[in-house]
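# A look at the structure
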Amino acid sequence: MSGETMLPCSCCGELVALSDMEYSFTFPDAYHALDNAARCAPDTFCDANFCAIGGGQLFVRGVIPLPVEGGGDYCIGAWVELAEHDWRLARMMWDEPGNDRVPEFAGTLANHIPRVYEFSTLGLELRVQLHDDTRPTFRLLDSGHPLEDEQRQGITPHRAAFFTGLPDLD
């Protein structure tokens with residue numbers, strides 16, 4: 001495809017297309033696990049950006065950016081569980097100009113990335129930053145988890161292609 005950004009993988013030298021490479025979750029794991037009756041409860045919903053389960057578990061959708069050697073970011077689309085105050089603030093500010101000036105707030109990763117890491121990614125602590133024109137970004141806190149290491153140190157184009165090839169679970 002002409003105009004496609006191709007990056008050489010530092011581990012194998014193969015050219016890997018950076019576009020159209022995003023692994024993402026349709027739902028938080030807790031919502032995905034619900035049966036249809038529970039999903040229909042009056043205080044439970046999940047749309048493209050926000051999710052609530054029983055009014056007590058509250059989630060926002062965003063991305064975990066991973067810098068790719070050679071340029072650009074590979075983003076994993078994921079969900080984060082937030083405290084009620086932060087969830088309400090995110091909903092209120094979602095479409096407001098300047099929402100990127102809202103201070104970061106705390107959250108925990110609400111998806112387990114399967115078949116990638118020895119330890120689950122579910123529950124990893126992170127910071128959420130709103131943005132005017134894009135989904136919020138999630139910055140993992142120092143946990144010693146390999147995903148946090150990859151966010152800090154970057155990944156190869158080959159690793160980005162590996163994430164893209166993971167099967168959808170939703």
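These lines cover the structure that appears in this document, whether it is placed above or below. (Residues numbered from 1 in each chain as written. Predicted model: local features only at pLDDT ≥ 70, side-chain atom pairs only at ≥ 80, totals over all residues. Heavy atoms only, no water.)

This part is about helix α3 (residues 84-93). Among the residues of α3, those classed as buried are D86, W87, A90 and M93. What you see down the axis of α3 is that its buried residues fit within an arc of 140 degrees, all on one side. In α3, the exposed residues that point more than 90 degrees away from the buried face are H85, R88 and M92. Taken together, the buried residues of α3 touch β3 (45-46), β4 (50-53), β5 (57-67), β6 (73-82) and β7 (105-109). (Buried < 20%, exposed > 50% of the residue type's maximum accessible area, 1.4 Å probe, protein only. Helix = DSSP H or I, 4+ residues; strand = E, 2+ residues; numbered from the N terminus. Arc of directions from axis to C-beta. Contact = heavy atoms within 4.5 Å.)

This part covers the pairing of strand β9 (residues 137-140). A one-sided burial pattern is seen for β9, the buried positions being F138 and L140 and the unburied ones T137 and R139. Examined bridge by bridge, strand β8 (residues 125-129) and β9 share four bridges and lie antiparallel to one another. From the neighbouring strand, L126 faces β9, where its bridge partner is L140. (Pairing = 2+ DSSP bridges.)

What follows concerns the packing of aromatic side chains. Here the structure, examined in full by the defined rule, presents seven aromatic pairs. Here F27 and Y31 contribute two aromatic rings whose centre-to-centre distance is 5.1 Å and whose plane-to-plane angle is 45 degrees, an arrangement assigned as tilted. Comparing F27 with Y31 shows no difference in burial state: the two are buried. Each residue in the set F45, F50, W87 and W94 is aromatic and connected to the rest through ring pairs, giving one cluster. In this structure, R91 packs its charged tip against the face of F50, placed 5.2 Å from the ring centre. (Phe/Tyr/Trp six-rings, centres within 6.5 Å; stacked < 30°, edge-to-face > 60°. Lys NZ or Arg CZ within 6 Å of the ring centre and 35° of its normal.)

The biggest cluster of nonpolar side chains holds 43 residues, and the ones touching the most others in it are I64, Y74, I76, I113, L147 and F163. Elements represented by at least two residues in this core include exactly β4, β5, β6, α3, β7, β8, β9 and α5 (157-164). Here this core takes six residues from β6, the largest share from any one element. Filtering out sequence-adjacent residues up to four positions away, I64 remains in contact with Y74, C75, I76, A78, L109, F138, L140, L147 and Q151. (Core = buried A, V, L, I, M, F, W, Y, C linked by side-chain atoms within 4.5 Å.)

Another aspect to go through is unusual backbone geometry. Not every positive phi belongs to a glycine, and R115 is a case in point at roughly 60 degrees. Within the secondary structure, R115 sits in the loop between β7 and β8. Accessibility expressed as a relative area gives 54% for R115, which makes it exposed.

For the rest of this paragraph, the subject is the state of the cysteines. On inspection of all chains with the given rule, the structure shows zero disulfides. Free of any disulfide, C51 has its nearest neighbouring cysteine sulfur in C46, separated by 3.3 Å. Residue class for C51 comes out buried when judged on its relative accessible area of 0%. (Disulfide = S-S within 2.5 Å.)

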